Amino acid sequence: MWKKITGTRKTFLPVFLTGFAAGILYMVLFGRVAAHETALLGRYFFSRYQQAELASGELLWYTLKSRVSQFTLLWLTGFTFFGTAAVFLSLAWMGAALGITLTTAAMKLGFAGILVCLASGLPQFFLYVPAAAWLFQKICETSENRPWKGQRYSGNSRQMMPYLLVWGLGFLLLLAGSLLESYVNPMFLKLILKNI
């Protein structure tokens, strides 16, 4: 059983990197015009960002609502046999989104654009990445009924309580990440932008 569990976790990175490569390839082949036309990730956008006063409380609410709704939807798939497939699709989508964003930034700003993109993920990604790996693993395990030794999910409290705790811990991790993203990251990103 342990080999199966670690086997699933070992596929997380290859799936993410496949999505990442697909995102880069898409931008190189089809997205050059769109990348140069977008106002996002341009010097003007970043100069306006540096002057803006962010409402961190509103940003926290928006970020938390977005993260928790996506996580809850994915968490619910753990009750079905689609859970593992949903996790892999999410990983591929996140990889593709990162590939598209980094490539767009590189096309518009060169190496400085890549640095800005990486800085925009700090410090919250140090929390999000291990938390996501753990949560994805729990969703896969539940979807495949591993904690219940191959028995079908019957809805009793002994089976459901550990998975409800996964959601509770996931919420706390997302709350901590959203706090970092809303209050710490804007200050950090503005500091980086001043030096680029």
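Residues numbered from 1 in each chain as written. Predicted model: local features only at pLDDT ≥ 70, side-chain atom pairs only at ≥ 80, totals over all residues. Heavy atoms only, no water.

Peer 1: Where do I start with the packing of aromatic side chains in this structure?
Peer 2: The way to describe two aromatic rings as a pair is by their centre distance and the angle between their planes. Summed over the entire model, instances satisfying the criterion amount to nine aromatic pairs. For the ring pair Tyr26 and Phe30, a centre distance of 5.8 Å and an interplane angle of 45° mean the geometry is tilted. One end of the pair, Tyr26, and the other, Phe30, are both in helix α2 (residues 12–30), four residues apart, so they sit about a helical turn from each other. Judged by its relative accessible area of 44%, Tyr26 is partly exposed. Between Trp75 and Phe79, the ring centres sit 5.3 Å apart and the planes meet at 85°, which makes this aromatic pair edge-to-face. Residue classification places Trp75 among the buried residues on the basis of a relative accessible area of 6%. Taken together through their ring pairs, the aromatic side chains of Phe12, Phe88 and Phe136 make up a single cluster. (Phe/Tyr/Trp six-rings, centres within 6.5 Å; stacked < 30°, edge-to-face > 60°. Helix = DSSP H or I, 4+ residues; strand = E, 2+ residues; numbered from the N terminus. Buried < 20%, exposed > 50% of the residue type's maximum accessible area, 1.4 Å probe, protein only.)

Peer 1: Would you mind going over the packing of helix α6 (residues 83–109) against helix α7 (residues 111–119) with me for this structure?
Peer 2: Relative orientation and spacing of two packed helices are given, respectively, by the angle between their axes and the distance between those axes. Orientation of α6 relative to α7, taken along the N-to-C sense of each, is 140°, at an axis distance of 6 Å. By the angle between their axes, α6 is oblique relative to α7. Relative to α7, the crossing made by α6 is right-handed. Here Thr101, Leu102, Ala105, Ala106 and Leu109 of α6 lie close against α7, whose contacting residues are Phe111, Ala112, Gly113, Ile114 and Cys117. A per-class count over the contact of α6 with α7 returns eight nonpolar, two polar and no charged. (Axes fitted to C-alpha atoms, helices over the stretch in contact; angles between N-to-C directions. Parallel < 35°, antiparallel > 145°, perpendicular 65-115°, else oblique. Left-handed = near helix turned anticlockwise from the far one by under 90°. Contact = heavy atoms within 4.5 Å. Nonpolar A, V, L, I, M, F, W, Y, C, P; charged D, E, K, R; others polar.)

Peer 1: Mind showing me how you'd approach helix α5 (residues 56–77) here?
Peer 2: Residues lying three or four places apart along an α-helix face the same way, a consequence of the helix completing one turn every 3.6 residues. Between its terminal C-alpha atoms α5 stretches 32 Å, which fits the 32 Å expected from 22 residues at 1.5 Å a residue. If you check which residues of α5 are buried, you get Ser56, Leu60, Thr63, Leu64, Ser66, Val68, Phe71, Leu74, Trp75 and Thr77. (Expected span 1.5 Å × (residues − 1).)

Peer 1: I tried to follow the nonpolar core on my own but got confused; where do I start?
Peer 2: As a rule of thumb, nonpolar side chains are buried together in soluble globular proteins. Core analysis: the biggest nonpolar cluster contains 17 residues, and Phe12, Leu74, Val87 and Phe136 have the highest contact counts within it. For this core, the secondary-structure elements that each account for two or more residues are α5, α6, α8 (125–143) and α9 (157–194). Beyond its immediate chain neighbours, meaning those up to four positions away, Val87 contacts Phe12, Leu74, Phe136, Ile139 and Cys140. (Core = buried A, V, L, I, M, F, W, Y, C linked by side-chain atoms within 4.5 Å.)

Peer 1: So what exactly am I meant to see when it comes to the environment of Ala22 here?
Peer 2: With respect to the helices and strands, the residue Ala22 is situated in helix α2. By relative accessible area, which is 42% here, Ala22 ends up partly exposed. C-alpha separation for the pair Ala22 and Ile100, spaced 78 residues apart in sequence, amounts to 8.6 Å.

Peer 1: Please explain unusual backbone geometry as it appears in this structure.
Peer 2: For residues other than glycine, phi is negative in most cases, and the peptide bonds are mostly trans. The amide bond that connects Leu122 to the next residue, Pro123, takes the cis arrangement and shows omega of 0°. Positionally, Pro123 belongs in the loop between α7 and α8.

Peer 1: Got a minute to help me understand the environment of Thr63 in this structure?
Peer 2: Tracing the sequence through the fold places Thr63 in helix α5. For the pair Thr63 and Leu175, spaced 112 residues apart in sequence, the C-alpha separation works out to 9.0 Å. Excluding its chain neighbours within four sequence positions, the residues that come into contact with Thr63 are Tyr128, Ser178, Glu181 and Ser182.

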